[in-house]
Number of protein chains: 2
Amino acid sequence: MPQTSSLDTDPYASRFGNSWELAPRLDPVVWDWDASGPLSRQQLSDFEDRGYSALPQLVSTNRARSLLAEARYLQSTLDPNLDHVISEPTSQEIRSIFRVHQDNEYFAKVCRDESIVAVARQILGSDVYLHQSRINFKPAFQGKEFFWHSDFETWHMEDGMPRMRAVSISISLTENDEFNGPLMLVSGSHKSYVRCVGETPDEHFRSSLKNQEYGVPSREALHLLVEQGEIVAPKGGPGSAVMFDCNTMHASVGNLSPYPRTNLFLVFNSVENPLEAPFGGTEPRPTFLSYRP
Amino acid sequence: MPQTSSLDTDPYASRFGNSWELAPRLDPVVWDWDASGPLSRQQLSDFEDRGYSALPQLVSTNRARSLLAEARYLQSTLDPNLDHVISEPTSQEIRSIFRVHQDNEYFAKVCRDESIVAVARQILGSDVYLHQSRINFKPAFQGKEFFWHSDFETWHMEDGMPRMRAVSISISLTENDEFNGPLMLVSGSHKSYVRCVGETPDEHFRSSLKNQEYGVPSREALHLLVEQGEIVAPKGGPGSAVMFDCNTMHASVGNLSPYPRTNLFLVFNSVENPLEAPFGGTEPRPTFLSYRP
């Protein structure tokens, strides 16, 4: 029986008791306003306000197309039963491939690209490392929806990430439009921490990667956050990106279009925010989900 | 064992064999170009090209709000186990209420409204009657997706509608935006008839209203139709409407927003297109789905 999270020792405690709470964020969003580039002061300010930034061309279209070709090759050749490979709930079709910055030279190279890493360093005000990398496939006609969640809530409770000092960058390898299940974010939601109800079962990650059941924010909390901000869904072509704070609520609907939506998802954590024991009291998740340098 | 559909006797045969086909439409889309109003010649021409028209204010905002209040009252008071009331697959929450033009005076009145009926008469070039009426609720956070389909394929095979001479009008009673699971249509898809594979089991309607399994167009056919046209999702406030041909492919994604999407859905059929025996060889469906005057 895992130890439950407690407000006495953890300001970001969650998954205890039967009620939810909107708690204030205790950490900065932008950690270094004085660092030089690549983001302008206005971009930093917008990111601080909204909890996300749309980056229309983070990598070139050609490079995105090459990465897509490599991603599809991996999708067609990897064993869907590997631990770090996740398939659709209703088929053997591969939905996510984790740890691509370690396992694949093409993806390793883009993950070290200075034009990308420098953005994460600037936001987080320190050196950074990759907490997680993955390719997400959202197949045509059958890509499934993903309910609203804060990644930080999971990373705190299940991975032991102590503070909100991580940033995610989702790089589109395909067109990302209104109809292929784009990432939706709640603008401004990163400023509140939603404590969720319930407890974390051991090995929760095995099911949560397919269907989130624990660490789910209440509908009342989500309604409030949307009323305070708004739902947005930045669109863009191959090479466009969305960067968002680790605590920004996000979700996506199913993909009913004939066009897959594939993206490379990178999570940079500050080296000054190293993982501890999971705050939910469970065993740490595998390193493909949550790297410990 | 129902008799299967045959190309020898039925140009719109479907659900036989193991292969799909894109067959040409054999009926006009606009049946009377000379009728005076309410649609302009340009509107008729656009409808003929695209298979749908967005009508930004078919009923007044105030009237839409009154109808919404009545719809919510019905949703909260009707027994979800009634035959003509359909609940969500995973809960008792009411998702659709059929036959509202017969059972409810408020809805009966709007269904007879000359400003609405005249549009249907103009398109279909004859007097019309209501083949079906229903309120659709797409609840906040949990409204489910509905896969692509042509209504005509079902109405032909399961209800015995002989020709493509019916038109649907979906009137928004709430805001209808990008995030609450709006109706998506494939522009131009009404010009082709997709023969589906497989047979129609008896009493198919009991499951098909929750999860479509038969009469599902193939992914290859859908891909072709989208490549020939495009996916559109007209947006609008309360009182806005989308009118579409009985054979236009349409679908909707789930509603993950905190706002329900509720609409009044009316299907007008030409009096010159009376129902026959179902072309799939099954028993006729109940009259709340398919009225026979």
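Since the structure is predicted, the reported quantities are computational estimates derived from the model, not experimental observations. Each residue is numbered by its place in its chain's sequence as written, counting from 1. Chain letters start at A and ligand numbers start at 1, both assigned in the order the entries are written. Local features in this predicted model are restricted to residues whose pLDDT is 70 or higher, and side-chain atom pairs enter the listing and the counts only when it is 80 or higher, whereas totals over whole chains, interfaces and linings include all residues. Excluded from the side-chain calculations are hydrogens and water; all other atoms, namely the structure's heavy atoms, are used.

Chemist: What's the story with helix α5 (residues 114-124) of chain B in this structure? I'm lost.
Modeler: Two residues of an α-helix separated by three or four positions point the same way, owing to the 3.6 residues in each turn. Residue and element names in this part refer to chain B. Exposed residues in this analysis have more than 50% of their type's maximum accessible area, buried residues have under 20%, and partly exposed residues fall in between, with area computed by a 1.4 Å probe over protein chains only. Numbered from the N terminus, helices here are DSSP runs of H or I no shorter than four residues, and strands are runs of E no shorter than two. Counting buried residues in α5 gives eight out of eleven residues, a clear majority hidden from the surface. Of the residues making up α5, those classed as buried are I116, V117, A118, V119, A120, Q122, I123 and L124. In the segment just after α5, G125 is the residue with positive phi, at about 65°.

Chemist: I keep staring at the interface of chain A and chain B and nothing clicks. Help me out?
Modeler: By a widely used convention, the size of an interface equals the accessible area lost when the partners come together. Contact definition: two residues touch when any of their heavy atoms are within 4.5 Å. Counting residues at the interface gives 26 residues for chain A and 26 residues for chain B. Put simply, buried area is the surface a 1.4 Å probe can reach on two separate parts but cannot reach once they are joined, added for both. Note on chain A versus chain B: buried area summed over both sides is about 2300 Å², and carbon and sulfur give 67% of it. Between Lys or Arg on one side and Asp or Glu on the other, a salt bridge is scored when a side-chain nitrogen of the former is within 4 Å of a carboxyl oxygen of the latter. Our enumeration of links across chain A and chain B arrives at two salt bridges. Taking the shortest distance from any N to any O, the salt bridge between E178 of chain A and K235 of chain B comes out at 2.7 Å. In protein, a polar contact means a hydrogen-donor-capable atom and an acceptor-capable atom, both N or O and within 3.5 Å, with residues adjacent in sequence counting only if both atoms are side-chain atoms; elsewhere, any N or O pair within 3.5 Å suffices. Between chain A and chain B we count six residue pairs in polar contact (both at pLDDT 80 or more) in total. When residues of the side of chain A that touches chain B are traced back to their parent elements, those giving at least two are β6 (146-149), α8 (219-228), β10 (230-232) and β12 (250-252) of chain A. When residues are grouped by polarity, Ala, Val, Leu, Ile, Met, Phe, Trp, Tyr, Cys and Pro land in nonpolar, Asp, Glu, Lys and Arg in charged, and all others, Gly among them, in polar. A breakdown of the residues in the side of chain A that touches chain B according to their chemical character gives 16 nonpolar, five polar and five charged.

Chemist: Got a minute to help me understand the relation of the copies chain A and chain B in this structure?
Modeler: To go from the first copy of the chain to the second, apply a rotation about an axis and then a shift along the same axis. With an RMSD of 0.0 Å, the operation that places chain A on chain B is a rotation of 180° combined with a shift of 0.0 Å along the axis. Accordingly, the operation relating the two chain copies is best matched by a two-fold axis. Taken together, the interface assignments show that 100% of the residues at the interface of chain A recur at the interface of chain B, consistent with an identical surface on both copies. Alignment of the copies relies on least squares applied to C-alpha atoms, considering only residues that score at least 70 for pLDDT in both.

Chemist: Quick question: what am I supposed to make of unusual backbone geometry here?
Modeler: Among all residues save glycine, negative phi is the norm, and among peptide bonds the norm is trans. The backbone of R99 of chain A shows a phi angle near 65°, a positive value even though the residue is not glycine. Its relative accessible area of 25% is what places R99 of chain A among the partly exposed residues.

Chemist: Even after reading the chapter, I still don't get the sheet that holds strand β12 (residues 250-252) of chain B, so can you show me in this structure?
Modeler: Strand pairing within a sheet occurs via backbone hydrogen bonds; the two strands may be parallel or antiparallel. All names here are of chain B. Strands qualify as paired when DSSP identifies two bridges or more between them. The four strands are arranged β6-β12-β8-β10 in an open sheet whose pairing can be described as antiparallel. A single partner strand is all that each edge strand has here, and the edge strands are β6 (146-149) and β10 (230-232). Pairwise comparison of adjacent strand axes, ignoring direction, gives a mean angle of 25° for this sheet. In the sheet, β6 pairs with β12 via two bridges, with the strands oriented antiparallel. Bridging across to β12, H149 finds its partner in H250. A fitted line through C-alpha atoms serves as each axis, taken over the contacting stretch for helices, and the angle formed by two N-to-C directions is quoted from 0 to 180°.

Chemist: Where do I start with the pattern of salt bridges in this structure?
Modeler: Opposite charge on two side chains permits them to pair, given that their charged atoms come into close proximity. Tallied over the entire structure, the rule returns 25 salt bridges over all chains. Across the pair R99 of chain A and D103 of chain A runs a salt bridge whose closest N-O atoms are separated by 3.0 Å. Under the relative-accessibility criterion, D103 of chain A is labelled partly exposed at 45%. Measuring nitrogen to oxygen at the nearest pair gives 2.8 Å for the salt bridge that ties R25 of chain B to D245 of chain B. Here R25 of chain B, found in the loop between β1 (21-24) and α1 (41-50), pairs with D245 of chain B, found in strand β11 (residues 241-245); they are 220 residues apart in sequence, far enough to count as distant. R25 of chain B sits in the buried class, given a relative accessible area of 12%. The exposure class of D245 of chain B is buried, given its relative accessible area of 2%. Each of R15, E153, E158, D159 and R285 of chain A takes part in salt bridges that share partners, so that together they form one network.

Chemist: What is the right way to look at the side chain of N273 of chain B in this model?
Modeler: All names here are of chain B. Within the secondary structure, N273 sits in the segment after β13 (261-270). Residue class for N273 comes out buried when judged on its relative accessible area of 2%. One polar contact links the side chain of N273 to the main-chain carbonyl oxygen of R163, over a distance of 2.9 Å. Apart from the residues within four sequence positions on either side, N273 is in contact with M161, P162, R163 and R165.

Chemist: Just to check I follow, could you spell out the sheet that holds strand β5 (residues 128-138) of chain B for this structure?
Modeler: All names here are of chain B. Strand order in the open sheet made by the seven strands is β2-β11-β7-β13-β5-β4-β3, with antiparallel pairing throughout. Taken across any chain shown, the strands that pair with only one partner, and hence form the sheet edges, are β2 (52-55) and β3 (85-87). The average angle at which neighbouring strand axes cross in this sheet is 15°, direction not considered. The sheet contact formed by strand β4 (residues 94-98) and β5 spans three bridges and is antiparallel. Counterpart to I97 in the pairing with β5 is I135. The strands touched by α1 within the sheet are β2, β7 (166-172) and β11, with β2 carrying the most contacts at an inclination of about 130°.

Chemist: What's the story with the packing of aromatic side chains in this structure? I'm lost.
Modeler: Within a pair of aromatic rings, the relevant descriptors are the distance that separates the centres and the angle that separates the planes. All names here are of chain A. What counts as a ring pair is set by centres within 6.5 Å for rings of Phe, Tyr and Trp (its six-membered ring), and what kind of pair is set by the plane angle: stacked under 30 degrees, edge-to-face over 60, tilted for all other angles. Counted according to the given criterion, the structure contains twelve aromatic pairs over all chains. Ring centres of F244 and F265 lie 6.0 Å apart, and the angle between their planes is 45°; on these two criteria the pair is classed as tilted. Here F244 is found in strand β11 (residues 241-245), whereas its partner F265 is found in strand β13 (residues 261-270), with 21 residues between them in sequence. Its relative accessible area of 0% is what places F244 among the buried residues. For F265, a relative accessible area of 6% corresponds to the buried category. One aromatic cluster is present, built from ring pairs that chain together Y12, F152 and Y193.

Chemist: What am I meant to see in the state of the cysteines here?
Modeler: Such a bond, covalent and formed between the sulfur atoms of two cysteines, is termed a disulfide. Cysteine sulfur atoms are paired as a disulfide whenever they fall within 2.5 Å. Within this structure, the stated rule accounts for zero disulfides over all chains. The closest cysteine sulfur to the non-disulfide-bonded C111 of chain A is located on C246 of chain A, 18 Å from its own sulfur. Residue classification places C111 of chain A among the buried residues on the basis of a relative accessible area of 4%. Looking at C246 of chain B, it has no disulfide partner, and the nearest cysteine sulfur is the one in C196 of chain B, 14 Å off.

Chemist: Mind showing me how you'd approach the pairing of β7 of chain B here?
Modeler: In summary, the side chains of a regular strand alternate between the two faces of the sheet. Residues and elements named next belong to chain B. For β7, the buried fraction is high: seven of the seven residues fall into the buried class. Both faces of β7 are covered, namely the face carrying A166, S168, S170 and S172 and the face carrying V167, I169 and I171. With seven bridges joining them, β7 and β13 adopt antiparallel strand pairing. Counted as the bridge partner of S168 is V267 from β13. Where β7 and β11 come together, five bridges link them in antiparallel fashion. Looking at β11, one finds that V167 is bridged to D245.

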